[in-house]
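Coordinate inspection notes
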Amino acid sequence: MSLKTEELVLNMGPQHPSTHGVLRLELTLEGEIIKEVKTHIGYLHRCFEKHAEVMTYPQVIPYVDRIDYLSSMGNEFGYVITVEKLLGIEVPERVHFIRVIMAELQRIASHLVALGTYGVDIGAFTPFLFCFRDREKILSLFEMTCGARLLYNYMWVGGLSHDLHPNFVTQTKEFVKYFRPKVVELNDLLTNNQIFIDRTVNVGILPPETAINYGVSGPNLRASGVKWDIRKIEPYAVYDRFDFEIPVGKGKIGTVGDCWDRYDIRILEMEQSLRIIEQALEQLPDGDVSSAIPRRIRPPVGHAYGRVENSRGEVGYFIISNGTANPFRVKVRAPSFINLGILNELCKGHLVADIVAIIGSIDIVLGEVDR
């Protein structure tokens, strides 16, 4: 056996600030050039899918929150519409509208974490403070509604745990008005910063064919120029009533699908979320948010798949019912897990320092990767 004396194997993580969680990367290097990246996951595994089998359908919702703890509302959205498919029930229009508003607020809050921490990864600390300042305003809206700021248990099968607070609509409109100029401010601080551009343009290029072959979804797929968004392709709730666009990557200077594009798509998506929230607030109907909640949830024997466009891509739930109060099987399509699979493809040939920029641009949450 011949020794590869020119290569070095280096561990990055699992305790590393730029891996965005307990992720271990096994790097094969030639000098500072990356030859191969092996990802080692499982440090945060909590056995969600097996836990769900010994819980009733409503009891699963708090566990769903913890899959992607930065996008809990989106996780709940996907789960409850799947169970509602199994039950064959239709929820009141007001419930649909409120769910959309919460999901879009959650998308903005999640992207603010992604963008703020990405700035820190690249070396800019001020945008992090600005992003978390604005995210706090969204968390306060959630707290006003259901009493929680991170893990909500808000979307229930057939309805919602609470109706909106009397001040919610007014304060959310104020937030939309407040936040639009802040997006411009973030662009001035980071998006058009020359150092940031040098670190992200033409780094970690993901061609559209590779993204599709790997099953990548969400902002990472759209950054590669693929116009795919479940809210448009297969509208759920009341998304078909709103006017909004699907931003796709166009390239800052170089090739489409690089780290800069993946960053910029999240900026553009926040602007579209503001448009959706404005329209939903204007059209918000009256109604009882708990009128369709079943007293007892025992779906007939069968199976259903439901999916939503969450902050990191397509979150899908495949649920099998055997006619009891507990699901027989729950399988989650976790976008962070699938998106992480492209890391080796993106890193080959780049410098070690570029790994930090590439991981941050994918925007993974290890709770969702490991489940």
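Above: the structure in question.
First, a word on what this report is: a plain description of the structure on this page. The residue numbers shown here count from 1 along each chain, following its written sequence. Given that this is a predicted model, residues contribute local features only at a pLDDT of at least 70 and side-chain atom pairs are listed and counted only at 80 or more, while totals for whole chains, interfaces and linings are drawn from all residues. Only hydrogens and water are set aside when side-chain values are computed; all heavy atoms of the structure are taken into account.

1. A look at the pattern of salt bridges
Should the charged atoms of two oppositely charged side chains come close, the side chains can pair. The following threshold applies: What makes a salt bridge here is a side-chain nitrogen of Lys or Arg within 4 Å of a carboxyl oxygen of Asp or Glu, nothing more. A helix here means a DSSP run of H or I that spans at least four residues, while a strand means a run of E at least two residues long, and both kinds are numbered starting from the N terminus. Each residue is assigned to one of three classes by its accessible area relative to the maximum for its type, calculated with a 1.4 Å probe on protein chains only: buried under 20%, partly exposed between the two thresholds, exposed over 50%.
Using the criterion set out here, one finds 27 salt bridges in the structure. E278 is paired through a salt bridge with R180; the nearest N and O atoms lie 3.0 Å apart. Here E278, found in helix 11 (residues 259–283), pairs with R180, found in helix 6 (residues 168–191); they are 98 residues apart in sequence, far enough to count as distant. Given a relative accessible area of 35%, E278 falls into the partly exposed group. Between D363 and R266 there is a salt bridge; the shortest N-O distance is 3.6 Å. Taken as a pair, D363 in the loop between helix 14 (352–362) and helix 15 (366–370) and R266 in helix 11 lie far apart in primary sequence, 97 residues in all. Given the relative accessible area of 7%, D363 is considered buried.

2. What about the side chain of S311?
Where we set the bar: Any two residues having at least one pair of non-hydrogen atoms within 4.5 Å are treated as being in contact.
The topology assignment puts S311 in the loop between strand 6 (302–310) and strand 7 (313–321). The class for S311 is buried, based on a relative accessible area of 1%. In this structure, S311 is in contact with S71, Q106, R107, S110, H111 and P219, ignoring residues within four places of it in sequence.

3. Observations concerning the packing of helix 4 (residues 93–122) against helix 11
Quick reminder of the rule: Here an axis means a line fitted to C-alpha atoms, over the contact stretch when the element is a helix, while the angle between two N-to-C directions is reported on a 0 to 180 degree scale. Reported orientations rely on four angle classes, namely roughly parallel under 35 degrees, roughly antiparallel over 145, roughly perpendicular from 65 to 115, and oblique for the rest. Here a crossing is called left-handed whenever its near helix is offset anticlockwise from the far helix by less than a right angle, and right-handed whenever the offset is clockwise. Residue type decides the class: Asp, Glu, Lys and Arg count as charged, Ala, Val, Leu, Ile, Met, Phe, Trp, Tyr, Cys and Pro as nonpolar, and the leftover types, Gly among them, as polar.
As a packed pair, helix 4 and helix 11 sit with axes 9 Å apart at the nearest point and diverge in direction by 155°. Taken together, the axes of helix 4 and helix 11 are roughly antiparallel relative to one another. As helix 4 runs across helix 11, the sense of the crossing is left-handed. The residue inventory of the contact of helix 4 with helix 11, partitioned by class, reads 18 nonpolar, 3 polar and 4 charged.

4. A look at unusual backbone geometry
Of note in the backbone geometry, C47 takes a positive phi value of approximately 65° without being a glycine. Relative to the helices and strands, C47 is located in the loop between strand 3 (33–40) and helix 1 (48–51).

5. Here's the deal with the sheet that holds strand 6
As a general point, the strands of a sheet are linked pairwise by backbone hydrogen bonds and lie either parallel or antiparallel. The test is simple: One requirement defines pairing of two strands: DSSP has to find at least two bridges between them.
The 3 strands lie next to each other as 6-7-8, forming an open sheet whose pairing is antiparallel. Both outer strands of the open sheet, strand 6 and strand 8 (329–333), are each paired with one neighbouring strand and no more. Each strand of the sheet is rotated relative to its neighbour by a mean of 15°, with strand direction disregarded. The sheet contact formed by strand 6 and strand 7 spans 9 bridges and is antiparallel. Bridge assignment links H303 to a residue of strand 7, and that residue is I320. Contacts from helix 3 (residues 72–87) reach strand 6 and strand 7 within the one sheet, and its direction differs from that of strand 6 by about 150°.

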